[in-house]
Amino acid sequence: MSRSRRIRHSLLAVLAIPLVAIPIATPALAVAAVGATKTYAAESGPGYGYGGSVESYGGAYGGSFGGVYGGGIVDPYRQSLGTSAATVDSEPATEAESTGVVLINTTVGYGTGQGAGTGLTITGDGIVVTNHHVVEGATSITVTDPSTGETYAATVLGYDDVHDVAVLQLEDASALSTVATDRDVAAQGEEVTAVGNAEGQGSLSAADGTVTDPSTAITVNDEDGTAAELSDLIQTDADVVSGDSGGALLDEDGEVIGMNVAATSGSAEISGYAIPIDTVVDIAAQILAGEESGDVEIGGSAAALGVQVDTTRSTLVVGVVEDGAAEAGGITEGSTITSVDGTAVASIDDITSVLGDHEPGDEISVSWTDAAGGAHTATVTLGEGPVA
């Protein structure tokens, strides 16, 4: 079964150190279009929708339609059909290949976009590991077990964005099938199979290949112009594509030796990359133990006020999230926020700084002037912004 490759970045070899070529790869993310609806990759960071001078989901919801979420506008990944000459050879995954592998769907920007990826179930009560970039920026996450058809709401327990791993908890899950893992080091030439939600099709596909490098490093280019380094990855010639991120790299025994994370593009030949499962399991164990240290962050969403702020006009509110903290407090479009938690604010950065000291569920005071010039103060309960 063949499908058009949809990852758009061009493949480029970069000489990092003498005689070592590091390819630039693309996160093997989400899907393109469902009917006329644009579907965005799940890993986009804060900053959806709005352009120009409006800071959205990045300052006040933690961001700005987040209410103030962490700064800057990041254009979501857009995957489009037919952007590479490469074709993908894969088949529907067998029952054995699918064991413990789940489908992940996200909503980003409070409904402005969607994403799709894959995850690996590691406990029967619903602990799932995936790539951080699959859930980054999500305002809601659902996970479907394809073996039963059951869909669960999911929350992020923690993540490591440097190594691109996140841990999810499925709500009300029990007796789930789990993946079998092999923590031994991958071997050159070893036969493997990449399993995932290829192209976000809503079912699992399997692509066969071999290990071409058991330990390599890549640079992943994001569409916002930033780049991230990933090292100690398993490189294969299996056709990993958008939607496969967070999926399984299986060995000949059907055991998971890696978690798919990226793939090259711009060439007829695809190289897939996977994080060794040993690394994934160790990071998950640290998160489940609640140990926030090194690159590991516990929790997923920042505290959110639920407003969108026009950065060219101080803290002018140009949008309010439905059912968010700001709306509940009575803040309306056209208002200007003057203080948060007793601290005077004059910019979106000021609001973000104050919210950074709080967690979702905290109660704080907010003062503002409405469009008619009337002054108001209310106590609000902070909500959850997009996944950091």
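Structure's up top.
Everything quoted here is computed from the prediction, not taken from an experiment.

If you tally the helices and strands in the protein, you get five helices and 29 strands. When burial is assessed residue by residue, the protein has 53% of its 388 residues classed as buried. Once local pairs closer than 6 in sequence are excluded, the contacts in the protein between residues at least 24 apart make up 65%. Put simply, the protein shows about 15200 Å² of open surface, and 47% of that area lies on carbon and sulfur atoms.

Okay, the pattern of salt bridges next. This model, assessed by the stated rule, comprises two salt bridges. The partner of Asp 282 in a salt bridge is Arg 183, and the shortest N-O contact between them spans 2.5 Å. With Asp 282 in helix α3 (residues 277-288) and Arg 183 in the loop between β14 (165-170) and β15 (191-196), this pair connects stretches of sequence that are 99 residues apart. Taking the relative accessible area as the measure of exposure, Asp 282 reaches 41% and is therefore partly exposed. Classification of Arg 183 as partly exposed rests on a relative accessible area of 38%. Members of the salt-bridge network, linked through shared partners, are Arg 183, Asp 278 and Asp 282.

All right, on to unusual backbone geometry then. Positive phi is not limited to glycine here, since Asp 164 has a value of about 65°. The class of Asp 164 is buried, set by a relative accessible area of 8%. In this model, Ala 175 sits at a positive phi of 55°, which is unusual for a non-glycine residue. Note on placement: Ala 175 falls in the loop between β14 and β15. The exposed category is assigned to Ala 175, whose relative accessible area is 76%.

Along the polypeptide, Thr 236 turns up in strand β17 (residues 227-236). Of the residues examined, Thr 236 reaches a relative accessible area of 3% and is grouped as buried. Apart from residues lying up to four places away in sequence, Thr 236 is in contact with Val 192, Thr 210, Val 211, Thr 212, Leu 249, Ile 270, Ser 271 and Gly 272.

With respect to burial, strand β20 (residues 272-276) is a largely interior element, five of its five residues being buried. Here β17 pairs with β20 via three bridges, running antiparallel. Considered in β20, the bridge of Thr 236 is made with Gly 272. Both strand β19 (residues 256-263) and β20 contribute to a ladder of five bridges, which runs antiparallel. Paired with Ala 262 across the bridge in β20 is Tyr 273.

Moving on, we get to the nonpolar core. Within the largest apolar cluster, 30 residues are counted, with the highest numbers of intra-cluster contacts made by Leu 120 and Val 195. Top contributing element to this core by residue count: α3, with five residues. Residues Leu 305, Val 309, Ile 351 and Ala 378 belong to the second largest nonpolar core, which totals 21 residues.

Mapped onto the secondary structure, Val 167 falls in strand β14. Its relative accessible area of 0% is what places Val 167 among the buried residues. Separated by 36 residues in the primary sequence, Val 167 and Asn 131 have C-alpha atoms spaced 8.4 Å apart. When near neighbours in sequence (up to four residues on either side) are disregarded, Val 167 contacts Ile 127, Val 128, Val 129, Thr 155, Val 156, Leu 157, Gly 158, Ala 284, Ile 287 and Leu 288.

Looking now at α3. The end-to-end C-alpha distance of α3, which contains 12 residues, comes to 16 Å, matching closely the 16 Å that a straight helix rising 1.5 Å per residue would cover. Here α3 has its buried residues at Ile 277, Val 280, Ile 283, Ala 284, Gln 286 and Ile 287. Residue Gly 290 follows α3 closely and has a positive phi angle near 75°.

What counts and what doesn't
Residues numbered from 1 in each chain as written. Predicted model: local features only at pLDDT ≥ 70, side-chain atom pairs only at ≥ 80, totals over all residues. Heavy atoms only, no water. Helix = DSSP H or I, 4+ residues; strand = E, 2+ residues; numbered from the N terminus. Buried < 20%, exposed > 50% of the residue type's maximum accessible area, 1.4 Å probe, protein only. Contact = heavy atoms within 4.5 Å. Areas by Shrake-Rupley, 256 points an atom, 1.4 Å probe, with all protein chains shown as cover. Salt bridge = Lys/Arg side-chain N within 4 Å of Asp/Glu carboxyl O. Pairing = 2+ DSSP bridges. Core = buried A, V, L, I, M, F, W, Y, C linked by side-chain atoms within 4.5 Å. Expected span 1.5 Å × (residues − 1).

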